[in-house]
Amino acid sequence: MSTLVLLRHGESVWNAEGLFTGWVDVNLSEKGEEEARKGGRLLLDAGVRPDVVHTSLLKRAIRTANLALDEADLNWLPIRRSWRLNERHYGALQGKDKAQTRAEFGDEQFMTWRRSYDTPPPPLADDNEFSQVGDRRYADLPPELMPRTECLADVVDRMLPYWYDSIVPDLAAGRTVLVAAHGNSLRALVKHLDGIDDDTIAGLNIPTGIPLLYELNDDFTPRKTGGEYLDPEAAKQAIEAVKNQGKK
Ligand SMILES: O=C(O)[C@H](O)COP(=O)(O)O
């Protein structure tokens, strides 16, 4: 048996402003920093002590992990980072207002781009101010893997090799693993863990800053489908808020 904790970053400044973010490296809002600290306290109170952290290359996830670890007095933990845990690349929607996009294109198109499994938004042009092409942090990424847009299926495809090659070996070694990542990279991981089908995953939303605990069997399947939020009441409300983004 092993323990896996999933933590979506705290609220970012663009979450607060209602903008599509994707690979744009925006910071946490003050509220997001507090959510991250609270996430650390929830871990502490639940007696969950991670041995290792995996995170993305984006500062909202990196800082969330750091703030949570600080709160739990675990600043010394090893941290591994990978672009494979990045948020879903939101293509041409990056930097766009969610409510305006919904009003302009209608509910159906908005939800298809936001939650369908296999329809990506239009690609983002390389010369767009919100493009990551040429960003030094992705210099080691084979050029053909650099996304210009992604649907959730693409995220599953690029995230799973990291799950099998880097996270599973930690779990197999008996380590408690904290994954600090993003709404859609964690939806991709939960889809895999819980065996959620391509249609049903549209209804799954992950709140910011609330640790989701999975006890795993020896074959890395969850002992309890869906895991357990360490603050279930807060999670319920926050999930509704994520679901309703873009409604004014
Ligand atoms: O990239 C973003 O805009 C958010 O982090 C996730 O957004 P979503 O819940 O609209 O997919």
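Residue positions are counted from 1 within each chain, in the order its sequence is given. Where totals are concerned, whole chains, interfaces and linings use all residues; where local detail is concerned, this predicted model gives features only for residues with pLDDT of at least 70, and gives and counts side-chain atom pairs only at 80 or more.

Per an unreviewed UniProt entry, the chain goes by the name 2,3-bisphosphoglycerate-dependent phosphoglycerate mutase and belongs to Actinorugispora endophytica. UniProt positions are given in the numbering used here, feature names are shortened, and annotations may be inferred rather than shown by experiment. Entered under Pathway (unreviewed entry) in the UniProt record, the comment concerning the chain runs "Carbohydrate degradation; glycolysis; pyruvate from D-glyceraldehyde 3-phosphate: step 3/5." The UniProt entry for the chain carries this comment under Function (unreviewed entry): "Catalyzes the interconversion of 2-phosphoglycerate and 3-phosphoglycerate."

Undergrad: Before we go on, may I ask you to explain the overall build of the chain in this structure?
TA: The way it works is that DSSP assigns letters per residue, a run of H or I at least four long becomes a helix, a run of E at least two long becomes a strand, and they are numbered from the N terminus. Each helix and strand counted, the chain has 8 helices and 6 strands in total. Each helix and strand of the chain, ordered N terminal to C terminal, gives the series β-α-α-β-α-β-α-α-α-β-α-β-β-α. The C-alpha extent of the chain, read off along each of the three principal axes, is 45 × 40 × 35 Å. Counting other C-beta atoms within 10 Å of a residue's own tells you its class, since 20 or more makes it buried, 12 or fewer makes it exposed, and anything in between is partly exposed; those C-beta atoms are placed from the backbone. Burial analysis of the chain (248 residues in total) assigns 40% to the buried set. Two residues qualify as being in contact provided that their C-beta atoms, derived from the backbone, are within 7 Å of each other. Relative to all contacts within the chain whose residues are 6 or more apart in sequence, the contacts with residues 24 or more apart total 79%.

Undergrad: Looking at this structure, how should I read the site of the ligand?
TA: Contact assignment follows one rule, namely that a residue is near a molecule or strand if its backbone-placed C-beta atom lies within 6 Å of it. Neighbouring the ligand are Phe 20, Thr 21, Gly 22, Glu 87, Tyr 90, Arg 114, His 182, Gly 183, Asn 184, Val 242 and Gln 245. Looking at the shell around the ligand residue by residue, the class counts come to 3 nonpolar, 6 polar and 2 charged. Charged means Asp, Glu, Lys or Arg here, nonpolar means Ala, Val, Leu, Ile, Met, Phe, Trp, Tyr, Cys or Pro, and polar covers whatever is left, Gly included.

Undergrad: It is not clear to me how the pairing of strand S5 (residues 212-216) should be interpreted in this structure. Could you clarify?
TA: Both faces of the sheet carry side chains from a regular strand, because those side chains alternate between them. Should DSSP find at least two bridges between two strands, the strands are regarded as paired. Where strand S1 (residues 2-8) and S5 come together, 5 bridges link them in antiparallel fashion. When the sheet's bridge partners are listed, Leu 6 is paired in S5 with Leu 212.

Undergrad: Would you mind going over the UniProt feature "site: Transition state stabilizer" (unreviewed entry) in the chain with me for this structure?
TA: Per the UniProt entry, the sites bearing "site: Transition state stabilizer" (unreviewed entry) are His 182 in this numbering. With respect to the secondary-structure elements, His 182 resides in the loop between strand S4 (177-181) and helix H7 (183-194). When neighbours within four sequence positions are excluded, His 182 is seen to be in contact with Arg 8, His 9, Ser 56, Ala 61, Asn 86 and Glu 87.

Undergrad: Where do I start with the pairing of S4 in this structure?
TA: For S4, the buried fraction is high: 5 of the 5 residues fall into the buried class. Here S4 shows a buried face lined by Val 177, Val 179 and Ala 181 and a second buried face lined by Leu 178 and Ala 180. Across 5 bridges, S1 lies against S4 in parallel orientation. In the sheet register, Val 5 faces S4, and the bridge partner there is Leu 178. Pairing analysis gives 4 bridges linking strand S2 (residues 52-55) to S4, with the strands arranged parallel. Within S4, the position partnered with Val 53 by the bridge is Leu 178.

Undergrad: I would appreciate a short explanation of the environment of Leu 93 in the present structure.
TA: Tracing the sequence through the fold places Leu 93 in the loop between strand S3 (79-81) and helix H4 (98-105). Residues Leu 93 and Ala 103 lie 10 residues apart in sequence; the distance between their C-alpha atoms is 14 Å. Contacts of Leu 93, omitting those with residues within four sequence positions, involve Phe 20, Thr 101, Trp 113 and Pro 121.

Undergrad: Hey, could you run me through the nonpolar core in this one?
TA: When a protein is soluble and globular, its nonpolar side chains tend to lie buried together. The biggest cluster of nonpolar side chains holds 42 residues, and the ones touching the most others in it are Val 5, Leu 6, Ala 68, Leu 178, Val 179 and Ala 180. Only S1, helix H2 (30-45), helix H3 (59-71), helix H6 (152-172), S4, H7 and S5 provide two or more residues apiece to this core. In terms of residue count, the dominant contributor to this core is H6 (7 residues). Each residue touching Val 179, except ones within four places of it in the same chain, is listed here: Leu 4, Leu 6, Leu 7, His 54, Leu 85 and Ile 167. Counting 6 residues, the second largest nonpolar core, distinct from the first, contains Trp 14, Leu 19, Tyr 90 and Trp 113. Residues enter a nonpolar core if they are buried, belong to Ala, Val, Leu, Ile, Met, Phe, Trp, Tyr or Cys, and are joined to the set through C-beta atoms within 7 Å.

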